[in-house]
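Structural features, examined
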Amino acid sequence: MRRLIDFFFDRRIIGLTLLLGMAGVALAERMVVTLPMAYFITFAIIAFSVLLTGRIKTSIYFGLAVVALIAFISYAKIKWMSVAPNVVDLYYFAFNPGTLAFLFDGFLPLVIGVIVLFLGALAALIVFGWFETPSSKSRWRALIALPLCVALAIAFQPRTFSGVEDLMRFRYITSVFTSMKHLANLGDPIPLLELLDRETAALDSSAETHGVCKQFVSKPDILVVQSESIVPPEIFYDGKIPEELKGAFNGPDETLRPLKVETFSGGTWITTAGFVSGLPITDLGWLTSYSNFILEGRIGQSLVQYLSDCGYHTVFLSPLHYSFVNEGRFMESIGFETFIDQHDMKAPSTQESDSFYYDKALTVLKDHRENDDRPIFMFVLTMSAHSPWNYRMEPDRTVAGEPFSPDSEINEYFRRLAISREDLGQFIEQVEALSQPTVVLEFGDHQPGLTLDFWRRREGPAPLANKESGAYMTSFQVRPLKTDLAAPVPSFERLDLQFLGVTLLETAGLPMTPIQTDLRNMRDECMGLFQTCGIEGRLDAHYDCRANQRVCSNARVKFKQSGARKHEYARTEAANVN
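The following refers to the structure shown. Counting restarts for each chain: residues are numbered from 1 in the order of the written sequence. Side-chain atom pairs in this predicted model are given and counted only at pLDDT of 80 or more, local residue features only at pLDDT of at least 70, and totals for whole chains, interfaces and linings cover all residues. To get the side-chain values, all heavy atoms of the structure are used, and hydrogens and water are removed first.

1. Observations concerning the pairing of strand 7 (residues 473–481)
Note the cut-off: Between buried and exposed lies partly exposed: a residue is buried under 20% and exposed over 50% of the maximum accessible area for its type, with that area taken using a 1.4 Å probe on protein chains only. Secondary structure follows DSSP: runs of H or I at least 4 residues long count as helices, runs of E at least 2 residues long count as strands, and numbering of each begins at the N terminus. Strand pairing is assigned whenever DSSP identifies at least 2 bridges connecting the two strands.
With respect to burial, strand 7 is a largely interior element, 7 of its 9 residues being buried. Where strand 2 (residues 257–260) meets strand 7, 4 bridges bridge the pair, whose relative direction is antiparallel. Following the sheet pairing, Lys260 is matched in strand 7 by Met473. When strand 6 (residues 438–444) meets strand 7, the two strands line up antiparallel, connected through 6 bridges. Its bridge partner lying in strand 7, Leu441 is registered against Val478.

The following block contains the structure:
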């Protein structure tokens, strides 16, 4: 053992290790402008360890190990959650049981490997420290070096930052430290939260909603499927689209309807929150990733609460744990009466085939119809198309037309798309066989990370920095079962997510509150565009309507046009409730 310790404590070996460590820092950071900051962070960690222990040799190994762990966590978070690393993660995500369950279920071999390496490195450092004699002289030197390294790291921090776009490729070391500046903004006003506070102060949703509920003529069951990582190849793929996938995402009228969401490659909960609230969740700024925690109990005007108040049994089926990113508590706070998670469904993992979740949804639906006279609103999340795509899901299941691509991950992703379409079709047939008037909405939550290279080729090196990028486009479809749609599904060039809820209500023939009516009118006036609506003052007018329903008008208000064209389409009398 002593000979091994002497080998690692040899000055030449330490020098070589330090040199390789600096090369590793450069490889992980991969951005020249922030590389000095990454180096000074590394030296600061080493100096801090020396100050505490007085052991300079052990501290060099310790500092490099800590930086390597930070770089890996940053890389993994971007790759698998597509959420920028942030120091606030330590509060919201690090010890969240649902997050840990997601990692252990989906990435168990990798997690075990990291834990083994971490424990091995920790054991080695303990042994190194035991054999190295502490030095008070080293501590004094560290006392001088530490504030100097911290000051230089701050001085070399980047002046510009493109957020997730940079982190998808760069800054795996400095990102979490750069995020510390956000702590100074914790008390800053956030316009979206101020709007919700205004709503809460004036909220009398029960009285308003029940007045609308009396207008119900019929209440069809409503099923919403939010398809994980699903996007039609027609939207992003620049190669030959497999015949089996052409038109597979079209609605009953064979029309593909693009849907613009607010997140890419991850952050499913951000899309869900935007759908049920009709609000732009990214207006939370750097706190967007923590929306389920921040918005819990703050959204009074939700699609779900409205349906619940009007007599619907509201059910949420999640493939993940109840506590994952606070999904369970948030969903209950906006009106879901029943939350069914991975444990309740007895799912072997967090990523089962879509047919697994549809079978569970069908069981819930049948049980509800046997024991409950109320109509049902059910929201189902799927997971089959989620990363990783380096293995064959349902390996014994063959799909016509495969292989679809020479690229193994693209091939597997297309294969899962084809399976998802088949599973959805079977589910719709099974629901229709129950002979209950039902409206089914299906939409994609975001594009998968493997589409990023396609958008870089098409839009340049930083497509995600542009919120109007095609990388934020998915699709939606509405299907009536044993009933007719009360209004045609609008066919804009694209529909922003914030309008999807009222579009569902309109096509299902359900009356709307003044706020929902105004949102529907804004959809038509702005041709499906929410935040980029070309009509001056229209978005502000809708926000005023949300905060005070007395200023909402069921008649269309004339706004000054600013590059937008009026768009009208026919509605049936049943949906045009004013």
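2. Quick word on the packing of helix 23 (residues 514–525) against helix 24 (residues 538–547)
When two helices pack together, their arrangement is captured by the angle between the axes and the distance separating the axes. Note the threshold: The axes are straight lines fitted to the C-alpha atoms, using for helices just the contacting stretch, and the angles between their N-to-C directions are given from 0 to 180°. Orientation is classified from the angle alone, with under 35 degrees giving roughly parallel, over 145 giving roughly antiparallel, 65 to 115 giving roughly perpendicular, and any other angle giving oblique. Contact definition: two residues touch when any of their heavy atoms are within 4.5 Å. Three categories are distinguished: nonpolar for Ala, Val, Leu, Ile, Met, Phe, Trp, Tyr, Cys and Pro, charged for Asp, Glu, Lys and Arg, and polar for the others, with Gly belonging to the last.
At a closest axis distance of 9 Å, the pairing of helix 23 and helix 24 adopts a crossing angle of 170 degrees. In this view, helix 23 runs roughly antiparallel relative to helix 24, as classed from their interaxial angle. Residues Pro514, Ile515, Asp518, Leu519, Asn521, Met522 and Glu525 of helix 23 form the contact with helix 24, whose own contacting residues are Arg538, Leu539, His542, Cys545 and Arg546. Looking at the contact of helix 23 with helix 24 residue by residue, the classes come out as 6 nonpolar, 2 polar and 4 charged.

3. With respect to helix 14 (residues 268–277)
Across the 10 residues of helix 14, 10 count as buried, placing the element largely inside the fold. Of all the positions in helix 14, only Thr268, Trp269, Ile270, Thr271, Thr272, Ala273, Gly274, Phe275, Val276 and Ser277 are classed as buried.

4. Comments concerning the side chain of Glu327
Short version of the rule: The sign given to each residue is positive for Lys and Arg and negative for Asp and Glu; His and the chain ends receive no count. Criterion for a salt bridge: a side-chain nitrogen of Lys or Arg within 4 Å of a carboxyl oxygen of Asp or Glu.
Looking at where Glu327 falls in the secondary structure, it is placed in helix 17 (residues 327–333). No salt bridge forms around the buried Glu327; measuring N to O, its nearest opposite-charge neighbour Arg329 is 12 Å away. Dropping the residues within four chain positions of it, Glu327 is found in contact with Trp269, Asn292, Phe316, Tyr322, Phe339 and Leu381.

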